[in-house]
Amino acid sequence: MEKKRVVVTGAGVVSALGNRRDELFDSLAAGKSAARYMPEWQSFFGKINIAAAPVTLDQEAVKKIDRRFRRSMGNAALFAALAAKQAVAESGLDEATLSNGRTGCVISSTMGSSSSIVESTAAIIEKRFDDLSACQFFRCVSHSSSFNVANLFGISGVQLAPCSACASALQSIGLAFEQIQSGKQDVIIAGGSDEATPTVAGSFQQLFALAENENLPVEKLSRPFDAARCGLVCGEGAGILILEEYEHALKRGAVILAELAGYATNCTGAQISQSDHVSIEQCIRLAVADAGINPADIDYVSAHATSTLAGDKEEAEAIRRVFGAAVPVSSLKGHLGHTLGASGAIELAAIFEMMKHDTIISTLNLKNQADDCKGIFLPDKPCSKPLRTVVKNCIAFGGVNAVLVLRGYQRS
């Protein structure tokens, strides 16, 4: 059976650098960092110099979500709902299409609302059961963002939430891509959302992956591929895309942002805490092959690169083996921090703007390319280049990799 073409007809974003795509792009182009110290986390860490890149929620936009739906949303689901409202509005989807059973919802996060999980755990330990909302469970579960967004829009098609830590959003988009390719759905709201909390930051600290360096300003702590990189800064937010079968989009006159061309996901099968260049390389090659193109056809690689020692090294080696130094590469995590299970979708939202403006955003805080990241082309400033075909990487604990190939829309 011939695979159906899949296009993107809407994309919304909630991030620490802007709650619209254009705001996010302007902040990235201006070289802004969202990182700040979190004194409100002092009671968890015993010191105040833990950094994160938190979102400032638009409370007026939050209040516009009917309380019937809002009461079961933790922050992760709220981020997803706000981004989904942008994406649906841009796509022009009507209520009949959203609720006809041929529209689905595939949105994931690392663990549901981590702040709600902490609140619940503390209340249970302290036997404060009356403090827990009847909706608390619905904020905590791993598919909270997906079913909350599905209910918000009256979606009755497939509803899924693949949760693979920091590869979650890209796996959601990839799974939605395959659902539409196979003809099982016409439209899917897809992406990821996540929260930055002291519990999450503390988990990375236990793994020696959290950025802590008294000699660097907070805005320079996240520095992917740099010789002085010292770990990641936790970020948060949501990125939501509207994926649509090509003919379906044409029939209703939708504006097409881009086309999804190829996708692959795999795992190392051997290592749960260290990235592995062999499996990353294989995943990139599989995705490029799925798109029916060659590595030489790629104009830009959006790296996962979180600013950890091992992760950046292994990804750089995989990119070098596939592309050499011929293709520009950058990571947006110097600007945004690592937005965890939302990172793939938030960064794709930024890529749509990069394609629109024919601009590659360079890696913030990259001053001295590390010796163990040499052999790939890392621009040292934003540069102009037509972006026709782009690779987006995501890599997660558990030995998981996901790679998506995106190309500018061309009507056949």
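Given the structure is predicted, the values throughout are model-derived calculations rather than measurements.

Draft legend 1. Looking closely at the overall build of the protein chain. Scanning the protein chain for helices and strands turns up 16 helices and 15 strands. A compact globule built from 412 residues would reach a C-alpha radius of gyration of about 22 Å, and the protein chain, at 20 Å, matches this within 12%. The 412 residues of the protein chain split such that 59% are buried. Restricting to contacts in the protein chain with at least 6 residues of sequence separation, those with at least 24 account for 79%. Roughly 16,200 Å² of accessible area belongs to the protein chain as shown, and the carbon and sulfur atoms make up 51% of that amount.

Draft legend 2. Summary view of helix 16 (residues 343–357). Here helix 16 contains 15 residues, and its C-alpha end-to-end distance of 21 Å stays within 8% of the 21 Å for a straight helix at 1.5 Å per residue. Counting buried positions over the 15 residues of helix 16 gives 13, a clear majority of the element. At the C-terminal side of helix 16, Asp358 shows a positive phi close to 50°.

Draft legend 3. The side chain of Gln179, seen in detail. By the secondary structure assignment, Gln179 is in helix 10 (residues 168–181). Setting aside chain neighbours within four positions, we find Gln179 in contact with Val158, Lys184, Gln185 and Ile188.

Draft legend 4. Structural context of the packing of aromatic side chains. In total, this model carries 5 aromatic pairs according to the counting rule given. Ring geometry for Phe137 versus Phe138: centroids 5.5 Å apart, planes at 75°, classification edge-to-face. Relative accessible area serves as the criterion here: at 55%, Phe137 is assigned to the exposed category. Since its relative accessible area comes to 36%, Phe138 is described here as partly exposed. Aromatic pair Phe138 and Phe147: ring centres 6.3 Å apart, planes at 90°, arrangement edge-to-face. Exposure remark for Phe147: the relative accessible area of 13% places this residue in the buried category. Through a chain of ring-to-ring contacts, three or more aromatic side chains come together here, namely Phe137, Phe138 and Phe147. Over the aromatic face of Tyr246 sits the side chain of Arg5, whose NZ or CZ is 4.0 Å from the ring centroid.

Draft legend 5. View of the sheet that holds strand 2 (residues 36–37). Taking strand neighbours across the sheet as the criterion, the 3 strands line up as 2-3-7 in an open arrangement whose pairing is mixed. If you trace the sheet from one side to the other, it starts and ends with strand 2 and strand 7 (234–235), each paired once. Looking at chain direction, strand 3 (residues 51–53) and strand 7 are connected through 2 bridges and run parallel. Among the inter-strand pairings, Ala53 is bridged to a residue of strand 7, identified as Gly235.

Draft legend 6. Just the environment of Gln185, in detail. With respect to the element layout, Gln185 can be found in the loop between helix 10 and strand 6 (187–194). Note on Gln185: relative accessible area 5%, which makes it buried. Along the primary structure Gln185 and Thr103 are separated by 82 residues, whereas in three dimensions their C-alpha atoms are 5.9 Å apart. When residues no more than four places from it in sequence are discounted, the contact partners of Gln185 are Gly101, Arg102, Thr103, Gly104, Gly157, Val158, Gln179 and Ile180. Within polar-contact distance, the side chain of Gln185 engages the backbone nitrogen of Gly104 at 3.2 Å. Looking at Gln185, its side chain comes within polar contact range of the main-chain nitrogen of Val158, at 3.0 Å.

Draft legend 7. Broad picture of the side chain of Thr103. Structurally, the position occupied by Thr103 is in strand 4 (residues 103–108). Judged by relative accessible area, which is 0%, Thr103 ranks as buried. A distance of 2.8 Å separates a polar side-chain atom of Thr103 from the backbone oxygen of Thr97. Apart from residues no more than four positions distant in its own chain, Thr103 is found in contact with Thr97, Leu98, Ile155, Ser156, Gly157, Val158, Gln185 and Val187.

Quick notes on the rules
- Counting from 1, residues in each chain are numbered in the order their sequence is written.
- Residues qualify for local features only when their pLDDT is at least 70, as the model is predicted, and side-chain atom pairs are given and counted only at 80 or more; totals for whole chains, interfaces and linings, by contrast, use all residues.
- Values reported for side chains reflect all heavy atoms of the structure, with hydrogen atoms and water molecules removed beforehand.
- Runs of E in the DSSP output that reach at least two residues are strands. Runs of H or I that reach at least four are helices, and both are numbered from the N terminus.
- C-alpha atoms define the radius of gyration in this analysis, and the globule rule sets the expected value at 2.2 Å times the number of residues to the power 0.38.
- For the exposure calls, accessible area comes from a 1.4 Å probe over protein chains only, and a residue counts as buried if that area is under 20% of its type's maximum, exposed if over 50%, partly exposed in between.
- Any two residues having at least one pair of non-hydrogen atoms within 4.5 Å are treated as being in contact.
- Each accessible area is a Shrake-Rupley estimate made with a 1.4 Å probe; only the visible protein chains count as cover when residues are assessed.
- Expected span, for any helix, means 1.5 Å times one less than how many residues it has.
- Here a Phe, Tyr or Trp ring, Trp counted by its six-membered ring, pairs with any other such ring whose centre lies within 6.5 Å, and the pair is stacked when the planes are under 30 degrees apart, edge-to-face when over 60, and tilted otherwise.
- Comment: the charge-over-ring label is applied if NZ (Lys) or CZ (Arg) is within 6 Å of the ring centre and within 35 degrees of the ring normal.
- Strand pairing is assigned whenever DSSP identifies at least 2 bridges connecting the two strands.
- Polar contact criterion, stated in full: a pair of N or O atoms within 3.5 Å, where within protein one must be able to donate a hydrogen and the other to accept it, and residues adjacent in sequence count only if both atoms are side-chain atoms.

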